[in-house]
Amino acid sequence: MNCVELQQSLAEVEDGSRLDQRAHLRTCPECSSLLRELELIAATANQLQAANEPSPRVWNSIEIALRQEGLIRPQRADRSLLPSFGAAWGAVRWLAPAAAMLLLALGIYVRRESLPRPVAEQAAVVAPAVANPSDLNDEDLMQEVAADPPAMKTQYAENLRRVNESIRDAQGAVDESPNDPDARRSLMDAYQQKSMLFEMAMDRSEP
Amino acid sequence: MVSMRTAKLVAIGVIVAGTLVAESRREYHFAVGPKAGVSVMNPYGSILVRPSSSNTVVVNAVLHSDKVEVDNSQNGNRVDIQSHLLAGADADSGRVDYEVLVPADASITLHSNTGSLRAENLHGDVSLEGPGADVDVRDVSDAHVHVKTMNGAVNLDNIQNGHVEVDSLSGDVTLKGVNGPLVQVVSTSGRINYIGDFGNGGEYRLTSHSGDIEATIPAWTSADVSARSVRGEVHDDIPLQPKSHTWFAIDKGRAFAGTVGRVAVSSTVVLRTFSGKIHLRKRSEKQ
């Protein structure tokens, strides 16, 4: 088991207790350190009080971030995760977002770690990140800016179109030349730009 | 009977009076220590930040209606200013224009959806963000300069020893006299224009997916340059010493790589676009 395989396997068995995980962790200080950090986050999340429940904005941000990472699919009938998380889970409500954040952090970590690796490993890591851009829920972004002035909404729509085009272009280049670091970098940049667009839509000061 | 002329004058008078009543000014003062943090969040309107002559943060705000108010708070060495939109406020009535004076070593964070964001003559960290905001940063040294825009134009002028990161989706980005250990611009479709000497020993990475990239450098520049357009074209007006080895194929017209000037002090310059054009040109004496 190498670093990438271990980090991917942590998403399923998060405590590093499997035999192959333990074997790798004994010899890899970097992955051991990652696991310690994940355990610390999980432990801290358990200590959070129900009274500290985050605002709906936080839930929405997590939902959108997870969709951007391709870890969840859009829900057509009920577009928000708010009701299902917030309704009847009581104090346990924190565990779901904490787990989601762990997965998200892990996903980001795996992607970042993929950069300096040998080509064969990179191809394996990039593959999950290059999902069809239609999987990212553009409707959510447009709903976020629905109350904006028309000119601003048009700008968001136009930039969304451009960034989706850039993702398709870069994806095509990666498919054509999987070992081309520039193509992979283009794809990563394109996704980061789309992520920034979502971030801006969520972070802008609202009335 | 009231004449038409009188009626017009009365109407104009009412409009002017209404405007004067609606627009108001506020001024706030905060005493701070060294390396203070100042944040201004302004949904609609401009923000200009300049250095103050004392350890005081001075906020001058022009509110364009009574549908917006200014919330302010100080927590230790940190000052937070927020335009608070009241019910019914829109982009016009919710507009506030700020002029903020801060100690030159203060770190500032500015956010506006639509107005211009300007910072000048500072040496604290500068973080500016706004979807439609035009950004102008000049005469900043020894600082991090981070800019995020959607379609606003970005102009950075005379940033010395900066750690510069610009993310823009479609706005044009112009860097003039910008150098430091890291200068990075990422754009989706905006044009990137760099005018300067790439400093000494820094890393410069200019990337636009479909926008053109132009770098204009003086004769004394020392840089290790690699440029590549996956689907577009590249032009090089400067004779580069070719490199013996590159990790990508030098497809003539689509890529070039080489060194200019003294290798020992050269910066690493990476110019990348997917479908735009790249042009490395020599600065003329007039520039």
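For the structure itself, consult the block above.
Residues numbered from 1 in each chain as written. Chains lettered and ligands numbered in written order. Predicted model: local features only at pLDDT ≥ 70, side-chain atom pairs only at ≥ 80, totals over all residues. Heavy atoms only, no water.

(A) How the structure looks around the overall build of chain B. What chain B contains, in helices and strands, is one helix and 25 strands. Contacts in chain B between residues at least 24 apart in sequence constitute 49% of all its contacts with a sequence separation of at least 6. Looking at chain B as shown, the accessible area adds up to about 13000 Å², and 50% of this sits on carbon and sulfur atoms. (Helix = DSSP H or I, 4+ residues; strand = E, 2+ residues; numbered from the N terminus. Contact = heavy atoms within 4.5 Å. Areas by Shrake-Rupley, 256 points an atom, 1.4 Å probe, with all protein chains shown as cover.)

(B) Looking closely at the sheet that holds strand S7 (residues 96–102) of chain B. Residues and elements named next belong to chain B. Read from one edge of the open sheet, 12 strands run S1-S4-S7-S3-S9-S11-S13-S15-S17-S19-S25-S21, paired in mixed fashion. A strand with exactly one partner marks an edge of an open sheet, and here the two such strands are strand S1 (24–31) and strand S21 (233–236). On average, each strand axis in the sheet is tilted by 10 degrees relative to the strand beside it, whichever way the strands run. Direction of pairing for strand S19 (residues 213–217) relative to strand S25 (residues 277–282): parallel, over a ladder of five bridges. Its bridge partner being in S25, Ala 215 is matched across the sheet by Leu 280. (Pairing = 2+ DSSP bridges. Axes fitted to C-alpha atoms, helices over the stretch in contact; angles between N-to-C directions.)

(C) Broad picture of the nonpolar core. Formed by 68 residues in total, the largest nonpolar core has its most connected members in Tyr 98 and Leu 156 of chain B. Sequence-distant contacts of Leu 156 of chain B, defined by excluding residues within four places in its chain, comprise Val 137, Val 145, Val 147, Val 164, Val 166, Thr 174, Leu 175, Lys 176 and Val 178 of chain B. Membership of the second largest hydrophobic core comes to 13 residues, among which are Met 152, Tyr 156 and Leu 160 of chain A together with Leu 169 of chain B. (Core = buried A, V, L, I, M, F, W, Y, C linked by side-chain atoms within 4.5 Å. Buried < 20%, exposed > 50% of the residue type's maximum accessible area, 1.4 Å probe, protein only.)

(D) The arrangement of the pairing of strand S5 (residues 68–75) of chain B in detail. Inspection of the sheet shows S5 of chain B paired to strand S6 (residues 78–85) of chain B by eight bridges, in the antiparallel sense. Bridging from a neighbouring strand, Asn 75 of chain B pairs with Arg 78 of chain B of S6 of chain B.

(E) Examining the interface of chain B and chain A more closely. Contacts between the two partners involve 34 residues from chain B, matched on the other side by 28 residues from chain A. For the pair chain B and chain A, the two sides together bury roughly 2600 Å², of which 58% comes from carbon and sulfur. Looking only at chain B, the three residues that lose the most surface to chain A are Met 150, Leu 169 and His 209 of chain B, adding up to 21% of its buried area. Our count for the contact surface shared by chain B and chain A stands at five salt bridges. The partner of Arg 272 of chain B in a salt bridge is Asp 182 of chain A, and the shortest N-O contact between them spans 2.8 Å. Put simply, chain B and chain A have 11 residue pairs in polar contact (both at pLDDT 80 or more) between them. Where the side of chain B that touches chain A is concerned, the elements lending two or more residues are S6, strand S10 (126–130), strand S12 (144–149), strand S14 (163–168), strand S16 (182–187) and strand S18 (203–208) of chain B. When residues of the side of chain B that touches chain A are assigned to their parent elements, the largest contribution, three residues, is made by S16 of chain B. (Buried area = accessible area lost by both parts, 1.4 Å probe. Salt bridge = Lys/Arg side-chain N within 4 Å of Asp/Glu carboxyl O. Polar contact = N/O pair within 3.5 Å; in protein donor to acceptor, adjacent residues only side chain to side chain.)

(F) Layout of the pattern of salt bridges. Scanning all chains against the criterion turns up 18 salt bridges over all chains. Between Arg 228 of chain B and Asp 180 of chain A there is a salt bridge; the shortest N-O distance is 2.7 Å. Highlighted residues: Arg 228 of chain B in strand S20 (residues 223–229) and Asp 180 of chain A in the loop between helix H9 (150–176) and helix H10 (181–203), drawn from two different chains. A salt bridge links Arg 78 of chain B to Asp 80 of chain B, with the shortest nitrogen-to-oxygen separation between them at 3.5 Å. A relative accessible area of 28% places Asp 80 of chain B in the partly exposed class. It is possible to trace a salt-bridge network through shared partners that takes in Glu 158, Arg 161, Arg 162 and Glu 165 of chain A.

(G) Geometry of the packing of H9 of chain A against H10 of chain A. All names here are of chain A. Two elements in contact, H9 and H10, have axes separated by 8 Å at closest approach and are oriented at 160 degrees. It follows from the interaxial angle that H9 and H10 lie roughly antiparallel. H9 and H10 meet at a crossing whose hand is left-handed. Where H9 approaches H10, its residues Tyr 156, Asn 159, Leu 160, Val 163, Asn 164, Ser 166, Ile 167, Ala 170, Gln 171, Ala 173 and Val 174 are matched on the opposing element by Ala 183, Arg 184, Ser 186, Leu 187, Ala 190, Tyr 191, Gln 193, Lys 194, Leu 197, Met 200 and Ala 201. (Parallel < 35°, antiparallel > 145°, perpendicular 65-115°, else oblique. Left-handed = near helix turned anticlockwise from the far one by under 90°.)

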